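Letter by letter, the chains look like this.
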Amino acid sequence: QVQPVESGGGLVQAGGSLRLSCAASGRTFSSNGMGWFRQAAGKEREFVAAITGNGGSVSYVDSVKGRFTISRDNPKNTVYLQMNSLEPEDTGVYYCARRVVGGLGLRADAYVYWGQGTQVTVSS
């Protein structure tokens, strides 16, 4: 399945942690840059984190730096988003996205395939 499939969302208290997973099939996975975006209710979708196909470079939105970590396991065709010190402002639907090239993508229009999203709710 070319489209990514997210898992791992849920309800957590502020200060807690969650790890999101994103699985995508295909022999080209290691050549595809991957990213995480999120969308809060009533707001536009925003970039959260991105990783290159070989995992050598990553990028984060300023609001999650030092708290979130994106990583990938290419033999398992999976990308992860480790989220620590969660805040209520992190609440939203988190989407995994897949590029057809290997570089970093910081904008939504850099991605071709999108997952259905997984809900993350952080209570105060």
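Overview of the structure. (Residues numbered from 1 in each chain as written. Predicted model: local features only at pLDDT ≥ 70, side-chain atom pairs only at ≥ 80, totals over all residues. Heavy atoms only, no water.)

**Notes on the environment of Val58**
Summarising the element assignment, Val58 is placed in strand E6 (residues 58–60). As a C-alpha pair, Val58 and Met34 span 24 residues in sequence and 9.7 Å in three-dimensional space. If we ignore the near neighbours within four places in the chain, the residues touching Val58 are Ala50, Ile51, Ile70 and Leu104. (Helix = DSSP H or I, 4+ residues; strand = E, 2+ residues; numbered from the N terminus. Contact = heavy atoms within 4.5 Å.)

**Observations regarding the sheet that holds strand E1 (residues 5–7)**
Taken in spatial order, the four strands line up as E1-E3-E8-E7 in an open sheet, and their pairing is antiparallel. With partners counted over all chains shown, the strands left at the sheet margins are E1 and strand E7 (68–73), one partner each. Each strand of the sheet is rotated relative to its neighbour by a mean of 20°, with strand direction disregarded. Here three bridges tie E1 to strand E3 (residues 18–23), and the two strands are oriented antiparallel to one another. The residue bridging Val5 from the neighbouring strand is Ala23, located in E3. (Pairing = 2+ DSSP bridges. Axes fitted to C-alpha atoms, helices over the stretch in contact; angles between N-to-C directions.)

**A closer look at the side chain of Asn32**
By secondary structure assignment, the location of Asn32 is in the loop between E3 and strand E4 (34–39). Overall, Asn32 belongs to the buried group, its relative accessible area being 4%. Polar contacts involving the side chain of Asn32 include one to the side chain of Thr28, which spans 3.3 Å. (Buried < 20%, exposed > 50% of the residue type's maximum accessible area, 1.4 Å probe, protein only. Polar contact = N/O pair within 3.5 Å; in protein donor to acceptor, adjacent residues only side chain to side chain.)

**Considering the packing of aromatic side chains**
Under the defined criterion, the tally for this structure stands at four aromatic pairs. Residues Phe37 and Tyr111 carry aromatic rings whose centres are separated by 5.3 Å and whose planes lie at 80° to one another, so their mutual orientation is edge-to-face. Here Phe37 is found in strand E4, whereas its partner Tyr111 is found in the loop between strand E9 (92–98) and strand E10 (113–114), with 74 residues between them in sequence. In this structure Phe37 comes out as buried when scored by relative accessible area, which is 2%. Here Tyr111 falls in the buried class, since its relative accessible area comes to 6%. With a centroid separation of 6.1 Å and an interplanar angle of 65°, the aromatic rings of Tyr111 and Trp114 are classed as edge-to-face. Take Trp114: its relative accessible area is 17%, and that puts it in the buried class. Through pairs of rings, three or more aromatic residues link up here, namely Phe37, Phe47, Tyr111 and Trp114. Here Arg45 stacks its cationic end above the ring of Trp114, 4.8 Å away from the centre of that ring. (Phe/Tyr/Trp six-rings, centres within 6.5 Å; stacked < 30°, edge-to-face > 60°. Lys NZ or Arg CZ within 6 Å of the ring centre and 35° of its normal.)

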